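Observations on the model geometry
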Amino acid sequence: MSTTFTKSMARNIFYGGSVFFFLLFVALTVDTTHTLPKRDNSQNITPSVERGKKLWETNNCIGCHTLLGEGAYFAPELGNVYKRRGPEFIKIWIKSQPTGAPGRRQMPNFHLTDEELDDLVNFLKYTSEINTAKWPPNIEG
Amino acid sequence: MNTQVLVIDPAAGLAREARAPREEGLPGDFAIWIFILAEMLAFGVLFVAYAFTRAGDVELFNASQETLNRTAGAINTLVLITSSYFVMRAVTAIKHGLSKDCAWWLGAALMLGGVFVGIKAMEFHDKFAAGITLSTNSFYMFYLALTFFHFMHVLMGMIILAFVIAKAWRGGYSRQDHVGVETGASFWHMVDLLWIILFPLVYVIR
Amino acid sequence: MQYQSQAVAKPYFIAAIGLFVGQILFGLIMGLQYVIGDFLFPAIPFNVARMVHTNLLIVWLLFGFMGASYFLVPEETETELFSPKLAIITFWVFLVAGALTVLGYLLVPYSTLAEMTGNNILATMGREFLEQPLITKIGIVIVALSFLFNITMTLLKGRKTSISLVLTLGLLGLAVFFLFSFYNPVNLVKDKYYWWWVVHLWVEGVWELILGAILAFVLIKVTGVDREVIEKWLYVIITMTLITGIIGTGHHYYWIGAPEYWQWWGSIFSALEPIPFFMMTVFAFNMVSRRRREHPNKAAVLWALGTGVLAFLGAGVWGFLHTLAPVNYYTHGTQLTAAHGHLAFYGAYVAVVLTMISYAMPILRGRAANSEKAQNMEKLAFWLMSISMLVITLLLTGAGIVQIWLQRISPTPMGFMAVQDQVSIFYWLREGTGVVFLIGLVIYISSFFVKGGAKAAA
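Chains are numbered independently. Their residues run from 1 in the order of the written sequence. Here the convention is simple: chains get letters from A, ligands get numbers from 1, in the order in which they are written. Reporting in this predicted model follows two pLDDT cut-offs: at least 70 for local features of residues, and 80 or more for side-chain atom pairs to be given and counted; totals over whole chains, interfaces and linings ignore these cut-offs and use all residues. Only hydrogens and water are removed before side-chain values are computed, so all heavy atoms of the structure are retained for them.

A few words on the overall build of chain C. Within chain C one finds 16 helices and zero strands. As a reference, a globule follows 2.2 Å times the number of residues to the power 0.38, and the radius of gyration itself is taken over C-alpha atoms. Taken over C-alpha atoms, the radius of gyration comes to 22 Å for chain C, in line with the 23 Å a tight globule of 458 residues would show. In terms of overall dimensions, chain C has a C-alpha envelope of 65 × 45 × 45 Å along the principal axes. Only protein chains enter the calculation, and the probe is 1.4 Å; a residue is then buried if its accessible area is under 20% of its type maximum, exposed if over 50%, and partly exposed in between. Burial statistics for chain C: of 458 residues in total, 67% are counted as buried. Of the contacts made within chain C by residues no fewer than 6 positions apart, 81% connect residues no fewer than 24 positions apart. For accessible areas, the Shrake-Rupley method is used with a probe of radius 1.4 Å. Any residue's cover is judged against the shown protein chains and nothing else. Within the structure as shown, chain C displays about 15,100 Å² of accessible surface, and the carbon and sulfur contribution to it stands at 73%. When the 26 basic and 21 acidic side-chain charges of chain C are each reduced to a single mean position, those positions are 9 Å apart. We count a stretch as a helix when DSSP gives it H or I for four or more residues in a row; a strand needs E for two or more, and each element gets its number in order from the N terminus. In what follows, a contact means two residues having at least one pair of non-hydrogen atoms within 4.5 Å. Charge convention: Lys and Arg are scored as positive, Asp and Glu as negative, and His as well as the terminal groups of each chain are ignored. For charged residues, the charge sits on one atom: NZ in Lys, CZ in Arg, CG in Asp, CD in Glu.

As a further point, take the packing of aromatic side chains. Residues and elements named next belong to chain C. Side-chain rings of Phe, Tyr and Trp (the six-membered ring for Trp) are treated as a pair once their centres are within 6.5 Å; stacked means planes under 30 degrees apart, edge-to-face means over 60, and tilted covers the remaining angles. For the structure on display, the rule yields 88 aromatic pairs over all chains. On the basis of an interplanar angle of 80 degrees and a centroid distance of 5.6 Å, the ring pair of Tyr34 and Phe46 is categorised as edge-to-face. Of the two residues, Tyr34 sits in helix α1 (residues 9–35) while Phe46 sits in helix α2 (residues 46–77), which places them 12 residues apart along the sequence. For Tyr34, a relative accessible area of 8% gives the class buried. Classification of Phe46 as buried rests on a relative accessible area of 4%. With centroids separated by 6.4 Å and ring planes inclined at 45 degrees, the aromatic side chains of Tyr105 and Tyr110 adopt a geometry described as tilted. The exposure class of Tyr110 is buried, given its relative accessible area of 8%.

So, on to the environment of Ile197(B). Of note, Ile197(B) is situated in helix α7 (residues 179–204). Spatially, the C-alpha atom of Ile197(B) lies 9.9 Å from that of Phe43(B), the residues being 154 residues apart in sequence.

Right, let's talk about the interface of chain A and chain C for a bit. Opposite the 70 residues of chain A that make contact, chain C presents 88 residues. Summing both partners gives a buried area of about 6,800 Å² for chain A against chain C, and 65% of it is carried by carbon and sulfur. What makes a salt bridge here is a side-chain nitrogen of Lys or Arg within 4 Å of a carboxyl oxygen of Asp or Glu, nothing more. At the boundary of chain A and chain C, one finds six salt bridges. Glu260(C) is the salt-bridge partner of Arg39(A), the closest N and O atoms lying 3.1 Å from each other. As used here, buried area is the combined drop in accessible area, with a 1.4 Å probe, of two parts when they are placed together.

Residue and element names in this part refer to chain B. To estimate how far a helix should extend, the number of its residues minus one is multiplied by 1.5 Å. When the terminal C-alpha atoms of helix α6 (residues 138–169) are compared, their 46 Å separation across 32 residues agrees well with the 46 Å that a helix rising 1.5 Å per residue should span. For α6, a buried count of 24 out of 32 residues is recorded, marking the element as mostly surrounded by other parts of the structure. Downstream of α6 by a residue or two, Gly171 has a phi angle that is positive, lying close to 80 degrees.

To continue, consider α7(B). Between its terminal C-alpha atoms α7(B) stretches 37 Å, which fits the 38 Å expected from 26 residues at 1.5 Å a residue. Counting buried residues in α7(B) gives 20 out of 26 residues, a clear majority hidden from the surface.

Under the criterion given, the structure shown has 24 salt bridges over all chains. One salt bridge connects Arg51(A) with Asp119(A), and the closest N-O pair in it is separated by 2.9 Å. Here the residue Arg51(A) occupies a position in helix α2 (residues 47–58), and Asp119(A) occupies one in helix α5 (residues 114–128), the gap between them amounting to 68 residues. Residue classification places Arg51(A) among the partly exposed positions, given a relative accessible area of 46%. For Glu66(B), the salt bridge is made with Arg70(B), and the minimal N-O distance between the two is 3.9 Å. When its relative accessible area of 31% is taken as the criterion, Arg70(B) is described as partly exposed. Through salt bridges with shared partners, one network takes in Lys7(A), Glu76(C), Arg227(C), Glu228(C) and Glu231(C).

Residues with a pLDDT of 70 or more make up 98% of chain C, whose mean pLDDT is 96. Two numbers describe this predicted complex: its pTM, 0.92, and its ipTM, 0.97. Residue-level confidence of the predictor is what pLDDT reports, using numbers from 0 through 100.

Chain C puts 13 residues into the contact, and the matching count from chain B is 16 residues. The largest per-residue losses of area from chain C upon contact with chain B belong to Trp264(C), Trp265(C) and Ile268(C), which jointly make up 41% of the total buried on that side. Joining chain C to chain B, the criterion identifies zero salt bridges. Only α8 (227–248) and α9 (262–271) of chain C provide two or more residues apiece to the side of chain C that touches chain B. Per-element accounting of the side of chain C that touches chain B gives the leading share, five residues, to α8(C).

Turning to the domain arrangement of chain C, a few remarks are in order. Residues and elements named next belong to chain C. The split into domains, and so the bounds of each, comes from an automatic or database assignment of domains. Domain annotation of chain C identifies domain 1 (1–160) and domain 2 (200–448). Inter-centroid distance (C-alpha atoms) of domain 1 to domain 2 is 20 Å. Contact residues are listed per partner, giving 32 residues for domain 1 and 40 residues for domain 2. Across the domain 1/domain 2 interface, buried area totals approximately 3,100 Å², and carbon plus sulfur atoms make up 83% of it. The largest contributions to the domain 1 side of the interface with domain 2 come from Tyr34, Phe65 and Phe71, which together make up 19% of the buried area. Where domain 1 touches domain 2, the interface holds two salt bridges.

The next subject is the side chain of Ser358(C). All names here are of chain C. With respect to the helices, strands and loops of the structure, Ser358 is situated in helix α13 (residues 335–364). Under the rule applied, a polar contact is a pair of N or O atoms within 3.5 Å (in protein, one hydrogen donor and one hydrogen acceptor; residues adjacent in sequence only if both atoms are side-chain atoms). Looking at Ser358, its side chain comes within polar contact range of the side chain of Glu378, at 2.7 Å. Contact partners of Ser358, with chain neighbours within four places excluded, come to Asn297, Ala299, Ala300, Trp303 and Glu378.

Here the focus is unusual backbone geometry. Gln97(A) connects to Pro98(A) through a cis peptide bond whose omega is -10 degrees. Relative to the elements of secondary structure, Pro98(A) occurs in the loop between α4 (87–95) and α5. At Phe129(C), a residue that is not glycine, the phi angle is positive and equals roughly 70 degrees. With respect to the helices and strands, the residue Phe129(C) is situated in the loop between α4 (110–116) and α5 (134–157). Among the residues examined, Phe129(C) registers a relative accessible area of 21% and is labelled partly exposed.

Turning to the packing of helix α5 (residues 99–129) of chain B against α6(B), a few remarks are in order. All names here are of chain B. Running from N to C, α5 and α6 cross one another at 155 degrees; their axes reach a closest spacing of 9 Å. Taken together, the axis directions place α5 and α6 in an arrangement best described as roughly antiparallel. As for how α5 packs across α6, the hand of that crossing is left-handed. Polar here means any residue other than Ala, Val, Leu, Ile, Met, Phe, Trp, Tyr, Cys and Pro, which are nonpolar, and Asp, Glu, Lys and Arg, which are charged; Gly is therefore polar. Classifying every residue of the contact of α5 with α6 gives 24 nonpolar, six polar and four charged. Angular values range over 0 to 180 degrees, each being the angle between N-to-C directions of two axes fitted as lines to C-alpha atoms, with helices fitted over their stretch in contact. An angle below 35 degrees is treated as roughly parallel, one above 145 as roughly antiparallel, one from 65 to 115 as roughly perpendicular, and anything else as oblique. By definition, turning the near helix anticlockwise from the far helix through less than a right angle yields a left-handed crossing, and turning it clockwise yields a right-handed one.

Residue and element names in this part refer to chain B. Relative to the elements of secondary structure, Ala166 occurs in helix α6. Look at Ala166 and you get partly exposed, because its relative accessible area is 34%. As for Ala166 and Ile196, which are separated by 30 residues in sequence, their C-alpha atoms are 28 Å apart.

Now for the packing of helix α4 (residues 70–95) of chain B against α7(B). Geometrically, a packed helix pair is captured by the angle between its two axes and the distance between the axes. Residue and element names in this part refer to chain B. In the contact formed by α4 and α7, the axes pass within 10 Å of each other and the chain directions differ by 160 degrees. Our classification of the angle between α4 and α7 gives roughly antiparallel. Relative to α7, the crossing made by α4 is left-handed. Per-class residue counts for the contact of α4 with α7 are 16 nonpolar, six polar and four charged.

Here you go:
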């Protein structure tokens, strides 16, 4: 180890280094923000999608499922469920919960109206069309 | 960077007096060397990643490389090497206790840093004007990422030099106590060294 | 106890431990639901149990951080707390708000809770870890501000040590980045992008400043090593944390629709993230081996060393395991993520809060250290909890690897639920290990009630 190693220098490097890397992070965030419209499928956000996202949130779907790989790992990935199952299956599935099969994982019934089901499906369709760099590896999510 | 770069706390000053003068060992504060090591590691991994990605798509890399302004890159290489020489002269000057000389040499280095930033900014401007971004292709991703990351280091180095110059001008360093100058110089040499690797790797080697 | 006002830390620590018990109980419920799917359904569906489990964790760690700050700051700044009364008021406000929120989760359907609490005015709910109702979120901000005000005012009138500065900076960052929880755009990519500004920049950013400061404080106290040395290392470690961790946020941006260059930035910088954790381990062991005194509180020393090792394993090793983009492509959102989450939170944050409690609680109760017998119980609890958490992590890693193979790599991929059946043995063993953890926790709490033979006050 070298002969000099002062606390004041360590502190200065801490402040300088942190600010430096935070600025770099902000710069990358600015570039990301500019690039996003090409990837994030935001052109397809309709009022229905907006309502669907709110339904997704207010029923705490993320408490069991993952969406683009983030959430709980108790129930299937839903980022690509629109492509895996299609709109009709999704609606029937949600309506028929809980299955009540003994010993099996149960999903509550959220008493959604037909319009709400459409909104939720539209949200899942929008999500499934986000450019996720080819993730997940296959349709099973 | 904060304004306290050059503040020496009493304890550190004591520790330094007890140890100066010294000839062997790393110049500057040990803390900067930990930082330099981390930086070299990050750049090193980026360089290796560049090499691997290039191996996967040599044609794209060569074609895109053609569009780079090699003259500007070469001039900037000379600019940085010269500035590093000036910084070295500044360290020699302060070792002889010549505060004003030290400040002048560092000032010259700082000016060259400004030249580098100007030339690089023009290059960035050309690329952005041509609609090139980080997402254009993987060559430009690396080109922009590496050079911009380095660009920020040059700016950082200039800020550090500015603080050191200000203190040297006030006579804040001496023949015995010039760790601050050496620390700043070490950072500047790292910035220079990284460019010396970056320039051939990204601009020249095909 | 050197300063009277340090006493306000005590209720914070007690509340923290109490909520910790709640967290573990709900963890056991969820663990059982993994294998007996309809357990407690529909009374406590999995999503509710998980929300309670994770939210209690966050809240009790915050209680722990606050208690630690109230204990640490007066001693570091060598002055009484600016306002002990405010600290007690904040405590009750936070506790009542937290309890009401958890009751809300348990008693009211989530969508009704959202409607009742103003989610229609500003929709912030229903995102992982940020499930709290709007009013709770606002409450958290108010509590954080009054807490920061109290700490900052104390700092301003007293001695400004590096430890107290780093701690305050970490707490300030905690409050600032929490503000991003109020930003919830309809654009899912942007939603996720800034969601990580709370979650990642907390746990792999500013919380590590708090962690480093608390650990440094306890190490100074129990080893007697020169403050100059310890604070120097504190700066170096947190520098490494932030220069790797800030851009390291990119490891969450691979598959959520962000530009693909994040795969490079995220991989490279997060691959360096284990370095500060490794330095922390070396630092803790180094300081203890260079100790200048034999502190009677051996349990606290054990916790401090444990923090170093377990944080490195959980956050460093298990983080690195799946941080590189080509690996993460297969591991993202599997049980491997859960494995990492468990050991990282336990090793870094649970352990450091318990380190502080272990050091401070005897002093708050008027003695330098607990009796031999109490310390032995606490040490036993440390080993039981730490080893069972390590085993849980290994089991979830096993489950994750099988899951990744069957569901994502195999040429004939199986569906999610079919795979879950295949790995149920791992889940059963995990639940059993969870019971051992609970036993460890019970022993830990019992150690506070062991009578007699206390060492004299410091």
